[in-house]
Amino acid sequence: MSAPTDSPSLVCETAPGKPALVRVDGITDMADARAWLESARPELTRALHEHGALYLRGLPLAEVGDVAAVRDVLIPEATPYREKATPRSDFGDGVFSSTDLPASQPIRMHNENSYTLTFPGLLLFACLIAPEEGGATPVADCRKVLAQLPAVLVDKMRTTGWLLTRAYSDHISTDWQTAFATTERADAESYCDENLISYSWQEDGNLRTSQVRPGIVRHPVTGEEVWFNHMAFWNEWSLDEELRETLVDEFGQDGLPFNTAFGDGTFLTKEELETIQAAYDAATVRETWQPGDLLLVDNVLTAHARDAFRGDRKIAVAMGAPVELADCRPTIEPAASFA
């Protein structure tokens, strides 16, 4: 078929507990898919600003090359994956696995690279193999998350931001060489200096870092205020209780692979973590993956996660449309560490 040349009018299906979904009918080859996406870009952008995330169902996506072709239309400007934290497989052509963490391990809500000074504005997830059970990529509108949180917690985040500490290791977390894509200490130090990250080298040759970032920002286009951070994702209270106790006993609080606090160094309580998680839960929607599905996520407006699953699962990811933190009117300035 010949793809339409005029911008198509999208029909977004919405239902309680489900993300917005657009059914794409009658497109059977990638050339037509690319043409349709190009003409639909203005409408897709408007829909993303309204809904935060958008499923496209019916595109002929079957392999990594198809994902790269779609990526080139929708997000031609890539965003490097900085300060790596979780393992990913490189599928080639700038397309990666969503994560290689064990299937039994769910992944909490987060905004991609919320701890960096430049982060992707748009994420693209494509389903090449749907899991037998589970494995959804839930999304949560961060405008709704912010609105759900109690004023005292929001005010604390607004005035202090959040603190991320990392202890890089060869054994229990990502090593610094992988995280900073270098084997040279000087290169890692230069990156930290340039990106407002405090660092210290340990006797065993490993690295510890800390950085303060705003946890509430505004979307650079819509101006809407959102809860934007990894506060709950990497907090010690998010760990399995037995694992947390073991790690704290072995390495101490300062030696945990990841931990978070408010930007003034005040530790998050277990109750505060549960309050944040409840706000995410209230805003969470999910769709069962089908082969060929494409999920677009505005990374500022929307957090994403991963459900545990059984069976083979291949979700390809691309990210781009870089956004500067400074363009998001942060409530505090980023810093290397709290005063």
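Please refer to the structure higher up on the page.
Note that the structure is a prediction, hence the values are computed from the model and not measured. Residue positions are given per chain, counting from 1 as you read along its sequence in written order. Local features in this predicted model are restricted to residues whose pLDDT is 70 or higher, and side-chain atom pairs enter the listing and the counts only when it is 80 or higher, whereas totals over whole chains, interfaces and linings include all residues. Water and hydrogen atoms play no part in the side-chain values, which are based on all heavy atoms of the structure.

**Focus on the sheet that holds strand β3 (residues 53-57)**
Okay, so step 1: Across the sheet, 8 strands lie side by side as β1-β2-β3-β17-β7-β20-β5-β4; this open sheet has mixed pairing. Both outer strands of the open sheet, β1 (13-15) and β4 (90-92), are each paired with one neighbouring strand and no more. When the angles between neighbouring strand axes are averaged without regard to direction, this sheet yields 30°.
Okay, so step 2: Between any two strands, at least two bridges found by DSSP are needed for them to pair. A run of H or I in DSSP becomes a helix once it reaches four residues, and a run of E becomes a strand once it reaches two; helices and strands are each numbered from the N terminus. Bridge count between β1 and strand β2 (residues 18-23): 2 bridges; the pairing is antiparallel. Paired with E13 across the bridge in β2 is L21. Note on geometry: axes are C-alpha line fits, over the in-contact stretch for helices, and angles between N-to-C directions span 0 to 180 degrees.

**A short note on the side chain of E83**
Okay, so step 1: Its place among the elements puts E83 in the loop between α2 (64-74) and β4.
Okay, so step 2: Three exposure classes are used, based on accessible area relative to the maximum for each residue type with a 1.4 Å probe and protein chains only: buried under 20%, partly exposed in between, and exposed over 50%. When charges are counted, neither His nor the chain ends are considered; positive counts come from Lys and Arg and negative counts from Asp and Glu. The term salt bridge refers to a side-chain nitrogen of Lys or Arg lying within 4 Å of a carboxyl oxygen of Asp or Glu. Among buried charged residues, E83 stands out as having no salt bridge; its nearest opposite-charge side chain is R166, 5.1 Å away.
Okay, so step 3: Between two residues, a contact is recorded if the distance between any of their heavy atoms is within 4.5 Å. Among all residues touching E83, those that are not within four sequence positions of it are Y115, T116, R166, A179, F180, Y191, I197 and Q211.

**As for unusual backbone geometry**
The phi torsion of most residues other than glycine is negative, and most of the peptide bonds are trans.
Okay, so step 1: Here E83, not a glycine, exhibits a phi torsion of approximately 50°, which is positive.
Okay, so step 2: Of the residues examined, E83 reaches a relative accessible area of 3% and is grouped as buried.
Okay, so step 3: Even without being glycine, N113 reaches a positive phi, approximately 55°.
Okay, so step 4: Structurally, N113 can be placed in the loop between β6 (107-110) and β7 (118-129).

**Re the packing of helix α1 (residues 30-51) against α2**
Okay, so step 1: At a closest axis distance of 9 Å, the pairing of α1 and α2 adopts a crossing angle of 35°. Seen from above, α1 lies across α2 with right-handed handedness. For the pair formed by α1 and α2, the contact residues are M30, R34, L37, E38, R41 and L44 on the first element and D66, A69, V70, D72, V73 and L74 on the second.
Okay, so step 2: Classification convention: Asp, Glu, Lys, Arg as charged; Ala, Val, Leu, Ile, Met, Phe, Trp, Tyr, Cys, Pro as nonpolar; all other residues, Gly among them, as polar. The class makeup of the residues in the contact of α1 with α2 is 7 nonpolar, no polar and 5 charged. Each crossing gets its hand from how the near helix is turned against the far one by less than a right angle, where anticlockwise is left-handed and clockwise is right-handed.

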